[in-house]
Amino acid sequence: MKLLTTTALAASFFLGAVFPTEAGNIVGTVKAWQYMQAEGWKSADGMDDNILHNMLYQASVIDNYTWTKQFLLRVRGGGALFLADKKTHTIRQLKVEPVGETYNDIETVYQGEDKGEGCYFAIIDNQSSARQKAIDDLLSYPPVDDIDAKAKKIRQQMTPKVVMVIPDNCVNKQQQAALVAKRSEEDRKLQQWVAQQSLTELCRRTGNC
């Protein structure tokens, strides 16, 4: 498979691949855009090949499993996200902008177990950098009264938000057991949080369903 490095094969997920602390499970990296092109991949956005080469060189391959219709690509270092459609062999950049100043605030979760809302990829803005900046601003001149209370209010208001949901296939029981066994505790907590969100409310608020 030319698209992925040897550690990026979907089978490696079941062969003891070690995953990082991010909720999106990285199953490998892209060698370069031209390798994807050689396998018939194209840009659904008509993006320039030179731009794609720069953006996707050593990009992370996230949650690419044999049963999913799609998977995610992320620019190295925690940059922009692309959605790869296996059926059409096209990729497109997701129009997701974090509230804060860094794209590292954007996290992804694959919800492969149907808890009543179907299965999907969820894109989350944890608002971490924006929240920290707002708190830091309280400490700047001129002095602000009741800093602790105001910082607490900022933390309560600037909480993680699901900003996009992309429907996909669910896993079967055997596959689900393998996923659960490989996830870190942090991954599981974030996935549980996403599963508890109301997709009905999400669709109403964002219109991204």
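Residues numbered from 1 in each chain as written. Predicted model: local features only at pLDDT ≥ 70, side-chain atom pairs only at ≥ 80, totals over all residues. Heavy atoms only, no water.

## Overview of the sheet that holds strand β3 (residues 60–62)
Thinking step 1. In space, the 6 strands of this open sheet follow the order β1-β3-β4-β5-β6-β2, with mixed pairing throughout. Every interior strand has two partners, whereas the edge strands, β1 (26–29) and β2 (42–43), have only one.
Thinking step 2. Bridge count between strand β5 (residues 81–85) and strand β6 (residues 90–93): 4 bridges; the pairing is antiparallel. Its bridge partner being in β6, Phe 82 is matched across the sheet by Gln 93. (Pairing = 2+ DSSP bridges. Helix = DSSP H or I, 4+ residues; strand = E, 2+ residues; numbered from the N terminus.)

## Here we look at the confidence of the model for the chain
Thinking step 1. The pLDDT averaged across the chain works out to 79; a share of 78% of its residues lies at or above 70.
Thinking step 2. Below pLDDT 50 for its whole length, residues 1–22 participates in 51 contacts with residues either more than four positions away or in separate chains. (pLDDT = per-residue confidence, 0-100. Contact = heavy atoms within 4.5 Å.)

## A word on the packing of aromatic side chains
Working definition: an aromatic ring pair is given by the centre-to-centre distance plus the angle between the planes.
Thinking step 1. If you walk through the whole model with that rule in mind, you get 4 aromatic pairs.
Thinking step 2. Taking the centre distance of 5.9 Å and the plane angle of 75° together, the rings of Trp 41 and Phe 71 count as edge-to-face. Taken together, the residues span a long stretch of sequence, with Trp 41 in the loop between α1 (33–38) and β2 and Phe 71 in strand β4 (residues 70–74) at a distance of 30 residues.
Thinking step 3. Overall, Trp 41 belongs to the buried group, its relative accessible area being 4%.
Thinking step 4. Exposure remark for Phe 71: the relative accessible area of 2% places this residue in the buried category. (Phe/Tyr/Trp six-rings, centres within 6.5 Å; stacked < 30°, edge-to-face > 60°. Buried < 20%, exposed > 50% of the residue type's maximum accessible area, 1.4 Å probe, protein only.)

## Description of the state of the cysteines
Thinking step 1. With the rule as written, the count across this model stands at 1 disulfide.
Thinking step 2. The disulfide bridge from Cys 119 ends at Cys 170, spanning 1.9 Å between sulfur atoms. Between Cys 119 and Cys 170 the disulfide shows an S-S torsion of about 105°. By sign, it is right-handed. One end of the pair, Cys 119, is in strand β8 (residues 119–125); the other, Cys 170, is in the loop between β9 (161–168) and α5 (173–182), with 51 residues separating them in the sequence.
Thinking step 3. What makes Cys 119 buried here is its relative accessible area of 6%.
Thinking step 4. Take Cys 170: its relative accessible area is 33%, and that puts it in the partly exposed class. (Disulfide = S-S within 2.5 Å.)

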